[in-house]
Amino acid sequence: MKKLLLCAAVGLMGHTLSAATPLWLRDVRISPDGRNIAFTYRGDIYKVPVSGGQAVRLTAQPSYESLPIWSPDSRSIAFASDRNGSQDLYIMLADGGAARRLTTYSGTETPESFSHDGKYVLFSSAIQDPVESAAFPSGRLTELYRVPA
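What you see is a predicted model; the values in this text were computed from it and never measured.

**Focus on the overall build of the protein**
Helix and strand counts for the protein stand at 1 helix and 11 strands. Ordering the α and β elements of the protein from the N terminus gives α-β-β-β-β-β-β-β-β-β-β-β. Across the 149 residues in the protein, those meeting the buried criterion constitute 34%. Carbon and sulfur atoms make up 58% of the accessible area of the protein, which amounts to about 9,600 Å² in all.

Here it is, written out as structure tokens:
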């Protein structure tokens, strides 16, 4: 009987701990100035101070947003979203607000970084895969591109 009660207590304690711990945190990125952290939680982008505190939801769309990257000055965040069907790149101010669409290709674009001056967002995608340039053309073999921020 003691073993049964002990197992039940441990199970309830584990359930309580898992309820308090967000298990959907993804794509965690620290801002270049070291003050904030951007992350994905259940398909939206959030921001929280490095010192801790309340996370602020930056996107609230029915779409799936992911892969946030910080601009070098920590003022903007670029991210991927499927708002228009395919995964395109968007950019918004680090405090939230309206996001501006950067790419319109019907494939999948993945944000990689900003240029050192912050004027361009670098992304990877399988846009140009001519047969003569690759032995095995595939969407897995992506190229690196840039788009004005």
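**Digging into the side chain of Asn36**
Structurally, Asn36 can be placed in strand β2 (residues 36–41). The buried category is assigned to Asn36, whose relative accessible area is 18%. Setting aside anything within four residues of it in sequence, one finds Asn36 in contact with Arg29, Ile30, Ser31, Lys47, Val48, Pro49, Val50 and Trp70.

**Details of the nonpolar core**
Within the largest apolar cluster, 10 residues are counted, these being Ile69, Ala78, Leu89, Ile91, Leu102, Phe114, Val121, Phe123, Tyr145 and Val147. Broken down by secondary-structure element, the contributors of at least two residues to this core are β7 (86–93), β10 (120–125) and β11 (143–148). Apart from the residues lying within four places of it in its own chain, the contact partners of Val121 are Ile69, Ala78, Leu89, Leu102, Ser113, Phe114, Tyr145, Arg146, Val147 and Ala149. In this structure, Ala38, Ile77, Tyr90 and Ala94 belong to the second largest nonpolar core, which totals 9 residues.

**What to know about the sheet that holds strand β5 (residues 65–70)**
Taken in spatial order, the 4 strands line up as β5-β6-β7-β8 in an open sheet, and their pairing is antiparallel. Single-partner strands in this sheet number two, and they are β5 and β8 (100–101).

**Side note on the sheet that holds β2**
Read from one edge of the open sheet, 4 strands run β1-β2-β3-β4, paired in antiparallel fashion. Of all the strands in the sheet, the pair left with one neighbour each is β1 (25–30) and β4 (56–57).

**Overview of the pattern of salt bridges**
With the rule as written, the count across this model stands at 4 salt bridges. The salt bridge involving Asp88 is made with Arg101; its shortest N-O contact spans 2.6 Å. Highlighted residues: Asp88 in strand β7 and Arg101 in strand β8, separated in sequence by 13 residues. For Asp88, a relative accessible area of 0% gives the class buried.

**What to know about the pairing of strand β9 (residues 110–114)**
When β9 meets β10, the two strands line up antiparallel, connected through 4 bridges. In the strand pairing of β10, Ser113 is matched with Leu122.

**Section: the confidence of the model for the protein**
Residues of the protein with pLDDT of at least 70 account for 77%, and the chain-wide mean is 84. Here residues 4–10 is modelled with pLDDT under 50, and outside its nearest four sequence neighbours on either side it reaches 0 contacts, counting other chains as well.

What counts and how
Residues numbered from 1 in each chain as written. Predicted model: local features only at pLDDT ≥ 70, side-chain atom pairs only at ≥ 80, totals over all residues. Heavy atoms only, no water. Helix = DSSP H or I, 4+ residues; strand = E, 2+ residues; numbered from the N terminus. Buried < 20%, exposed > 50% of the residue type's maximum accessible area, 1.4 Å probe, protein only. Areas by Shrake-Rupley, 256 points an atom, 1.4 Å probe, with all protein chains shown as cover. Contact = heavy atoms within 4.5 Å. Core = buried A, V, L, I, M, F, W, Y, C linked by side-chain atoms within 4.5 Å. Pairing = 2+ DSSP bridges. Salt bridge = Lys/Arg side-chain N within 4 Å of Asp/Glu carboxyl O. pLDDT = per-residue confidence, 0-100.

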